[in-house]
Amino acid sequence: MIEIEELGKSYGTRTLWKDVTFSLKSGQLTALSGPSGSGKSTLLNCLGLLDKPSAGAIRHEERDITRLVPGAARRFRRDVLGYLFQNYALVENATIAQNLDIALKVRKRKGATAKAAMAQALERVGLGGRGQDRVSQLSGGEQQRVALARLLVKEPQLVLADEPTGALDRDNTEMVVGVLRQMADAGCAVVIATHDDWVREQCDQLFDVSTSAPASSTTG
Ligand SMILES: Nc1ncnc2c1ncn2[C@@H]1O[C@H](COP(=O)(O)OP(=O)(O)OP(=O)(O)O)[C@@H](O)[C@H]1O
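Residues numbered from 1 in each chain as written. Predicted model: local features only at pLDDT ≥ 70, side-chain atom pairs only at ≥ 80, totals over all residues.

With that out of the way, let us pick up the overall build of the protein. Counting its regular elements, the protein contains seven helices and ten strands. What you see for the protein is a C-alpha radius of gyration of 17 Å, in line with the 17 Å of a compact globule of 220 residues. With the principal axes as the frame, the protein shows a C-alpha extent of 50 × 40 × 35 Å. The burial tally for the protein puts 36% of its 220 residues in the buried class. Summarising the internal contacts of the protein: among those between residues at least 6 apart in sequence, 69% fall at separations of at least 24. (Helix = DSSP H or I, 4+ residues; strand = E, 2+ residues; numbered from the N terminus. Rg over C-alpha atoms; globule rule 2.2 N^0.38 Å. Buried ≥ 20, exposed ≤ 12 C-beta atoms within 10 Å, placed from the backbone. Contact = placed C-beta atoms within 7 Å.)

Now the structure itself:
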């Protein structure tokens, strides 16, 4: 789905990574590993068009997305990408339902279909019937589950997750990875930057940015 070709990133004379070449496939979870400061978030940001690589290309359906004009980059983010961050990136002063509405609009879902999709997503993450709760009043684990429900209704082709379980307990970590696996099974490609060994073990492919070379598959 995404081909990363000889990608490199440098700040001045400091090279974070170079010659990064690997594929992100539909149906697969890919873990990005490497010590703190090795450039995992930077690689995710390049995939999400929030940062630009210094060399190489990232191809989606043959098109190098690092060279998109601003309008096309916005459409790529809106139509193809879903993000999951450690700090949830929700509209805190709004309700759960209002946060999900934004993603439903992207999918052009309205009325009963939108309602059903929202109810199903909230049920899946254990927040059934809580649509009118205000995000600011939820715990961290609950907020991450709202972010997950938002991903479920958005149905992106590519999910970029930056330390999505860094602040969570084991139950919530398992919920997050379970939903990401479900999305992969539905055809999504998922990339997770993580320090968590258990999360890494659940992935199909592991890429260590500090060696800038693909490591072996964890599960084939
Ligand atoms: N604009 C910038 N100019 C110079 N250096 C930068 C810039 N942005 C990021 N860096 C550096 O790039 C390095 C990689 O940062 P990044 O956040 O990608 O690492 P990481 O592997 O995700 O780390 P962590 O595991 O701690 O989240 C850091 O040392 C950071 O200071």
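From this point, things continue past the structure.
A separate point is the sheet that holds strand β1 (residues 2–11). Sheet architecture is open: four strands sit in the order β2-β1-β4-β5, paired in antiparallel fashion. Looking at which strands have only one partner, the edges of the open sheet turn out to be β2 (14–24) and β5 (63–64). Direction of pairing for β1 relative to β2: antiparallel, over a ladder of seven bridges. Opposite E3, over in β2, you have S23 as the bridge partner. Against the sheet, helix α1 (residues 40–47) contacts β1, β2 and β4 (55–60), and its axis sits at roughly 125° relative to β1. (Pairing = 2+ DSSP bridges. Axes fitted to C-alpha atoms, helices over the stretch in contact; angles between N-to-C directions.)

Around the ligand, the neighbouring residues are Y11, L16, G34, S36, G37, S38, G39, K40, S41, T42 and A193. Looking at the shell around the ligand element by element, the count peaks at three residues for α1. (Near = placed C-beta within 6 Å.)

The complete set of buried residues in α1 reads K40, L43, L44, C46 and L47. Seen along its axis, α1 keeps its buried residues to an arc of 160°; they face one direction. (Arc of directions from axis to C-beta.)

Okay, helix α3 (residues 96–106) next. Given 3.6 residues per turn, any residue in an α-helix points the same way as the ones three and four places further on. Where α3 is concerned, the buried positions are I96, N99, L100, A103 and L104. Along the long axis of α3, the arc covered by the buried residues comes to 140°, so they all point the same way. Looking at the buried side of α3, the elements it contacts are α4 (111–124) and α5 (140–154). Among the residues trailing α3, K108 stands out with phi positive, at a value near 55°.

The next point concerns the pairing of β4. One ladder, built from five bridges, connects β1 with β4; its direction is antiparallel. In the sheet register, E3 faces β4, and the bridge partner there is R59. Summarising the sheet, β4 and β5 pair through two bridges and their orientation is antiparallel. Within the sheet, the bridge partner assigned to R59 lies in β5 and is D64. Between the end of β4 and the start of β5, which pair antiparallel, lie two residues, with E61 showing a positive phi angle near 50°.

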